[in-house]
Amino acid sequence: MFNSLSDRLTSTFKNLRTRGRLSEADIDATVREIRRALLDADVAVPVVREFTGAVRERALSSEVSGALNPAQQVVKIVNEELVGILGGATRPLTLAKTPPTVIMLAGLQGAGKTTLAGKLAHALKGQGHTPVLVAADLQRPNAVTQLSVVAERAGVPVFAPHPGNTSEADDPAADAPLIGDPVGVARDGVAYAKERQHDVVIVDTAGRLGIDEVLMQQASDIRAAVNPDEVLFVIDAMIGQDAVNTAKAFADGVDFTGVVLSKLDGDARGGAALSVAKVTGRPIMFASTGEKLTDFEVFHPDRMASRILD
Ligand code: GDP
C-alpha cells in the first residue's frame, strides 16, 4: 500500500535536492507534482486542495531553519501536513471508567469487521483484559458462525443468539435473545458481560454491500441501546474513491468515534483511505494488515507519514 505514492513523492523531492534556493516557480512546480501524485493515489480532491494549499503557503513563507536545506524544508512541511491529514496524534482506545468498555464495530459487508473483532480481542487479551465478542450481525446466516470461529481462534468467549449462544457450552445462557433482533442481542451481550465480569465487550454489527437506510438505522439503534465507549468504523483501504462517501455516510448515520483501516497489506493506491480522517474529522486508530490475528497494529499518523515519505 502507498508504494506508488511513496515513489512519486520521493522522486519529486529528489529533483528538488539539486536546488540551492527555491524560487516561487520551483515551489509551484513541486506543489503541482505533489498534487498529481496525491490525486493519482486516489486522495479525495478537497483533501488534496487543502493539503497542497497549506504546503505551498508554508513553503513560500519560508519557515527557514538553519539546519535544513530548502528541499529538506519542503519534505518537513509535507511530512507535517501528512501527519495532519492522518489525524495528528495517535489516539488510544477509550476504556470505560466502570467496566465493561463497550466497543461497537460498524462498516460495509466485507470491510473486515469480524476479522477485526478477533484481532482486537486477541490484542486486548494480551494486555490482560477479558473481552467477550457479541454477534449482533444477524443479517447473514454465516456471520454468527464466522464470529464464533474468530472468537475461538482468539481464545475469547462469544455471546450469540440461539442456537449455540455461548462458547461456554455447559452454560447455555437461558436468557439468550431471539434470533432476528440485533439490538436485543447487543443489549443482552453487554448485560452478559457485566454479569460475568468481562471488562471489554466487542459488538460486531451487520454490514451491507452498499450503504442503506435500514443498515444505518439498525447500527444507530444498536449504538443507542449499548451506549458504546467506542464506535469503530472499519473500512477496506482497497475501495478507492468510494471510501470518502462511505465514511461520510457512516459518520452521519452512526457517528463513529474512530476509524480502522483494513487490508492495508493490499497493493491498492490507498489514498482514499488517507482522506477518511480528514473528511470525517475522526481519528484513524488501528490498521489491519492481513488475515492473521496478529496482523493488526495501532495506527500512528507520524509513522505512516514517514513510511510514505521514506
Ligand atoms: P466483515 O463482513 O466486515 O465482517 O468482513 P470480514 O471480517 O468477514 O472480512 C472479509 C474478508 O476480508 C475475509 O476474507 C477476511 O479474511 C479478509 N480480511 C479482513 N481483514 C483483512 C486484512 O487486513 N487484510 C487482508 N488481506 N484481508 C483481510
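Residues numbered from 1 in each chain as written. Predicted model: local features only at pLDDT ≥ 70, side-chain atom pairs only at ≥ 80, totals over all residues. Heavy atoms only, no water.

1. Examining the layout of surface pockets
A water-sized probe rolled over the atoms picks out the places where empty space is left. The cut-off we apply is this: Only protein atoms enter the calculation, which uses a 1 Å grid: trapped sets of points that fit a 1.4 Å probe without letting it out are cavities, open sets showing protein on both sides within 12 Å along at least five of seven lines are pockets, and any residue with an atom within 4 Å of a point is a lining residue. Grid points are joined across faces, edges and corners, and a volume is the space filled by probe spheres set on the points. Strands here mean DSSP runs of E at least two residues long; helices mean DSSP runs of H or I at least four residues long; both are numbered from the N terminus. Note on residue categories: nonpolar means Ala, Val, Leu, Ile, Met, Phe, Trp, Tyr, Cys or Pro, charged means Asp, Glu, Lys or Arg, and polar means any other residue, Gly included.
Of the voids in this model, the largest pocket is the one considered here, and its volume is about 520 Å³. Lining the largest pocket we find 22 residues, and of these G112, K113, T114, T115 and E291 sit closest to its centre. Elements that contribute at least two residues to the lining of the largest pocket include exactly α5 (113–126) and α6 (143–154). Taken together, the residues of the lining of the largest pocket sort by class into four nonpolar, 10 polar and eight charged.

2. Quick word on helix α9 (residues 242–254)
We count it as follows: A helix is expected to span 1.5 Å for every residue after the first. Exposure classes here rest on a 1.4 Å probe applied to the protein chains alone. A residue is buried below 20% of its type maximum, exposed above 50%, and partly exposed in between. Each direction from the helix axis to a C-beta atom contributes to the arc, which is the arc of those directions.
Helix length check: α9, at 13 residues, gives a terminal C-alpha distance of 18 Å against a target of 18 Å (1.5 Å per residue), a fit within 8%. Among the residues of α9, those classed as buried are A243, V244, T246, A247, F250, A251 and V254. When α9 is viewed along its axis, its buried side chains cluster within an angular range of 165° and face the same direction. For α9, exposure combined with an orientation more than 90 degrees from the buried face picks out N245 and D252. Phi for D255, located one or two positions after α9, is positive at around 55°.

3. Things to note about the sheet that holds strand β7 (residues 284–288)
To be explicit about the condition: What makes two strands pair is DSSP finding at least two bridges between them. By the convention used here, residues are in contact when the closest approach between their heavy atoms is within 4.5 Å. As a rule, the C-alpha atoms of each element are fitted with a line to give its axis, helices using only the stretch in contact, and angles between N-to-C directions run from 0 to 180 degrees.
Strand order in the open sheet formed by eight strands is β3-β2-β4-β1-β5-β6-β7-β8, with mixed pairing between adjacent strands. Strand pairing shows two members of the sheet lacking a second neighbour, β3 (158–159) and β8 (296–298), which therefore form its edges. Note that strand β1 (residues 101–106) and strand β4 (residues 200–205) share five bridges and pair parallel. By the bridge assignment for β4, V102 is matched with V201. Across the face of the sheet, helix α8 (residues 213–226) comes into contact with β1, β2 (131–136), β4 and β5 (230–236) while running at roughly 180° to β1.

4. Observations concerning the site of the ligand
Note the threshold: Proximity criterion: a residue is near a molecule or strand once any of its heavy atoms comes within 4 Å of it. In protein, a polar contact means a hydrogen-donor-capable atom and an acceptor-capable atom, both N or O and within 3.5 Å, with residues adjacent in sequence counting only if both atoms are side-chain atoms; elsewhere, any N or O pair within 3.5 Å suffices. Calculation of accessible area relied on Shrake-Rupley with a 1.4 Å probe; when residues are assessed, cover is drawn exclusively from the protein chains displayed. Think of it this way: if more than half of a molecule's atoms are within 2 Å of a pocket's grid points, that molecule is in the pocket or cavity.
Taken together, 16 residues surround the ligand, and among them G110, T114, T115, D265 and E291 come closest. A111 is positioned with one of its backbone polar atoms (N or O) 3.2 Å from an oxygen atom of the ligand. Note that a nitrogen atom of the ligand is positioned 2.8 Å from one of the side-chain N or O atoms of D265. A total of 570 Å² of accessible area belongs to the ligand in isolation, and the protein chains cover 78% of it. Taking a 2 Å distance to the grid points as the criterion, the majority of the atoms of the ligand fall inside the largest pocket. Ranked by the residues each element gives to the shell around the ligand, the list is headed by α5, at four residues.

5. Quick notes on the side chain of H198
In this fold, H198 is placed in the loop between α7 (182–196) and β4. On the basis of relative accessibility, which here comes to 12%, the residue H198 falls in the buried class. One polar contact links the side chain of H198 to the main-chain carbonyl oxygen of T130, over a distance of 3.0 Å.

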